[in-house]
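# Survey of secondary and tertiary structure
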Amino acid sequence: VLEHVESPSQCMNEMYRVLRPGGLVLVTTTNRHRFSARGINDEFTTPFFNWLPGLIQESYVHRQLHFEPALANMTERPAVHWFSFRDLCRLGRDAGFARFYSTLDTRTLDGAIVSGNVVKRFLQRSPFLLRTLQRNPWLRSLALTQIGQDCMMWKRAGS
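Below is a short write-up of the structure. These numbers come from a predicted model, not from an experiment.

So, how was this worked out
Residues numbered from 1 in each chain as written. Predicted model: local features only at pLDDT ≥ 70, side-chain atom pairs only at ≥ 80, totals over all residues. Heavy atoms only, no water. Core = buried A, V, L, I, M, F, W, Y, C linked by side-chain atoms within 4.5 Å. Buried < 20%, exposed > 50% of the residue type's maximum accessible area, 1.4 Å probe, protein only. Helix = DSSP H or I, 4+ residues; strand = E, 2+ residues; numbered from the N terminus. Contact = heavy atoms within 4.5 Å. Pairing = 2+ DSSP bridges. Arc of directions from axis to C-beta. Salt bridge = Lys/Arg side-chain N within 4 Å of Asp/Glu carboxyl O. Axes fitted to C-alpha atoms, helices over the stretch in contact; angles between N-to-C directions. Parallel < 35°, antiparallel > 145°, perpendicular 65-115°, else oblique. Nonpolar A, V, L, I, M, F, W, Y, C, P; charged D, E, K, R; others polar. Phe/Tyr/Trp six-rings, centres within 6.5 Å; stacked < 30°, edge-to-face > 60°. Lys NZ or Arg CZ within 6 Å of the ring centre and 35° of its normal.

### Looking at the nonpolar core
Of all hydrophobic cores here, the largest spans 18 residues; its most connected members are Leu2, Met12, Leu88, Phe97, Cys151 and Met153. For this core, the secondary-structure elements that each account for two or more residues are helix 1 (8-18), strand 1 (24-28), helix 3 (85-95) and strand 3 (150-154). If we ignore the near neighbours within four places in the chain, the residues touching cysteine 151 are Val25, Leu26, Val27, Phe85, Leu88, Cys89, Phe100 and Tyr101. Membership of the second largest hydrophobic core comes to eight residues, among which are Leu52, Leu71, Ala79 and Trp82.

This is how it looks when you write it as structure tokens:
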């Protein structure tokens, strides 16, 4: 629910505080860069909402809260924060986390990949592509636009 809270940075700071040294936290949220050909974003009924500039998103949130609740499926607390994998890493760094891993980074060539996402299913069938995406920064970043909603964060031992 990180996209729905008042202050994502306060939430991240609290996660860091309560996690034991050497522990891991998995943050899963709405992926700002995920593309849908029809513009579906699972939060707002406005097509391609997650791709709109921040100021326009804020204007839609204002409209939803004050005039048209149906814009966000009648919720009282719409998703007002939209994150990319990079945004999650930045929040984690600011809170004190030391290392960051995506779904892509935690997969092995023989490990199961969660079904339900076309990209993940494709990677499961193509070990060469998985290896390439894990090692090539340009291709990894491209893949994270579609599967970058999960970020595993590691707290240093002794922190």
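Now, onward.
### Describing the pairing of strand 1
Across the two faces of strand 1 the burial differs, with Val25 and Val27 buried and Leu24, Leu26 and Thr28 not buried at all. Here five bridges tie strand 1 to strand 3, and the two strands are oriented antiparallel to one another. Following the sheet pairing, leucine 26 is matched in strand 3 by methionine 152.

### Considering helix 1
Looking only at helix 1, the buried set comprises Pro8, Met12 and Tyr16. Down the axis of helix 1, the sector holding all buried residues measures 75 degrees, keeping them to one side. The outward face of helix 1, more than 90 degrees from its buried face, is lined by the exposed residues Gln10, Arg17 and Val18. At its buried positions, helix 1 is contacted by strand 1, helix 3 and strand 3.

### Topic: the pattern of salt bridges
Scanning the model with the defined rule gives five salt bridges in all. Between arginine 77 and glutamate 6 there is a salt bridge, with its nearest N and O atoms 3.1 Å apart. Separated by 71 residues along the polypeptide, arginine 77 in the loop between helix 2 (54-66) and helix 3 and glutamate 6 in the segment before helix 1 bring together distant segments of the chain. On the basis of relative accessibility, which here comes to 41%, the residue arginine 77 falls in the partly exposed class. For glutamate 6, a relative accessible area of 64% puts it in the exposed group.

### Looking at the packing of helix 5 (residues 127-135) against helix 6 (residues 137-147)
Between helix 5 and helix 6, the least distance of the axes is 5 Å, while the angle of their chain directions is 105 degrees. When the interaxial angle is binned, helix 5 and helix 6 end up roughly perpendicular. Across the interface between the two elements, Thr132, Leu133, Gln134 and Arg135 of helix 5 pack against Pro137, Leu139, Arg140 and Ala143 of helix 6. Of the residues assigned to the contact of helix 5 with helix 6, the class counts are four nonpolar, two polar and two charged.

### Some details on the sheet that holds strand 3
Taken in spatial order, the three strands line up as 1-3-2 in an open sheet, and their pairing is antiparallel. Each edge of the open sheet carries a strand with a single partner, namely strand 1 and strand 2 (99-101). Taking each pair of neighbouring strands and ignoring which way they run, the sheet shows an average axis angle of 25 degrees. Two elements, strand 2 and strand 3, share three bridges in a ladder whose sense is antiparallel. By the bridge assignment, arginine 99 is partnered in strand 3 with tryptophan 154.

### Side note on the packing of aromatic side chains
Throughout the structure, instances matching the rule amount to five aromatic pairs. Here the aromatic rings of tyrosine 16 and phenylalanine 97 are separated by 5.1 Å at their centres, their planes lie at 90 degrees, and the arrangement is edge-to-face. Remark: phenylalanine 97 occurs in the loop between helix 3 and strand 2 and tyrosine 16 occurs in helix 1; sequence separation between them is 81 residues. Relative to phenylalanine 49, the ring of phenylalanine 44 lies with its centre 4.1 Å away and its plane at 10 degrees, an arrangement referred to as stacked. We note that phenylalanine 44, like phenylalanine 49, is buried. An aromatic cluster of at least three residues, connected via ring pairs, comprises Phe44, Phe49, Tyr60 and Trp82. Cation over ring: lysine 155 sits above tyrosine 16, and NZ or CZ is 4.4 Å from the ring centre.

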